[in-house]
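The primary structure of each chain is shown beneath.
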Amino acid sequence: MKDTDRQPEIRVLPMPSDTNASGDIFGGWLMSQVDIAGSIAAHRHVGGRVVTVAVNEFVFIKPVFVGDLVSIYASIENVGKTSIRISLDIEAERERGKNDAIKVAKAVLTYVAVDANREPHKIPIKPE
Ligand SMILES: CC(C)(COP(=O)(O)OP(=O)(O)OC[C@H]1O[C@@H](n2cnc3c(N)ncnc32)[C@H](O)[C@@H]1OP(=O)(O)O)[C@@H](O)C(=O)NCCC(=O)NCCS
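Undergrad: Describe in detail a nonpolar patch on the surface, supporting the description with residues and values.
TA: There is a patch of nonpolar side chains on the surface, built from M31, V55 and F60 and spanning about 260 Å² of accessible area. Its place among the elements puts F60 in strand β2 (residues 50-60).

Below is the structure:
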């Protein structure tokens, strides 16, 4: 697959209300978007409800600014009995249409498949 064929789990535009006291995008806002993107990928694989159990890694590499187009790419790192670890790459385009996306953060989050009682349940094995 060509790099340009990659599809992000989500794309989002940070707004002025998402900034910290210095005017840059608040890290907590980005963490929340990453959690949403990871949960979408985990839910798709598990085929049902998931909850976030751990943020294993979160690295802010470059600042994010109002108006950047933020794309979050997800890939499955590991599937356990009831848990699934998702690796996420976060890129920002400062000037849209210029193909100038830069990596602004990376993260690894773990989700657990849960039933209607919020208890962990086994993730079905998917055929290759
Ligand atoms: C997620 C939750 C259901 C797990 O319940 P639990 O009784 O601790 O379940 P277990 O100990 O059987 O662990 C379930 C799986 O999670 C994994 N896990 C538990 N804690 C973990 C951690 N800190 N880091 C990574 N994986 C973890 C276990 O290894 C296990 O994986 P496996 O089945 O693939 O081997 C429970 O902790 C919970 O409800 N947490 C709150 C979730 C939530 O509200 N998230 C949103 C926060 S706003």
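Undergrad: How would you explain the environment of R96 if you had to name every residue and give the values?
TA: Inspection of the secondary structure puts R96 in the loop between β4 (83-93) and β5 (102-113). Taking the C-alpha atoms as reference points, R96 and L69, 27 residues apart in sequence, are found 7.1 Å from one another. Residues within four places of R96 in sequence aside, it is in contact with L13, G67 and L69. In terms of polar contacts, R96 uses its side chain to reach the backbone carbonyl oxygen of G67, at 3.5 Å.

Undergrad: Kindly report on the sheet that holds strand β3 (residues 69-79), identifying the contributing residues and their values.
TA: Pairing is antiparallel across the open sheet formed by five strands, whose spatial order is β1-β3-β4-β5-β2. Each having just a single partner strand, β1 (10-12) and β2 make up the two edges of the open sheet. Taken over all neighbouring pairs, the strand axes of this sheet differ in orientation by 25° on average, direction set aside. Bridge count between β1 and β3: three bridges; the pairing is antiparallel. Looking at the pairing, V12 lines up with V70 of β3.

Parameters at a glance
- Residues numbered from 1 in each chain as written.
- Predicted model: local features only at pLDDT ≥ 70, side-chain atom pairs only at ≥ 80, totals over all residues.
- Heavy atoms only, no water.
- Patch = residues over 30% accessible without salt bridge, like charges linked within 9 Å, V, L, I, M, F, W, Y side chains within 5 Å.
- Areas by Shrake-Rupley, 256 points an atom, 1.4 Å probe, with all protein chains shown as cover.
- Salt bridge = Lys/Arg side-chain N within 4 Å of Asp/Glu carboxyl O.
- Helix = DSSP H or I, 4+ residues; strand = E, 2+ residues; numbered from the N terminus.
- Contact = heavy atoms within 4.5 Å.
- Polar contact = N/O pair within 3.5 Å; in protein donor to acceptor, adjacent residues only side chain to side chain.
- Pairing = 2+ DSSP bridges.
- Axes fitted to C-alpha atoms, helices over the stretch in contact; angles between N-to-C directions.

What is shown is where atoms sit, not what they do.
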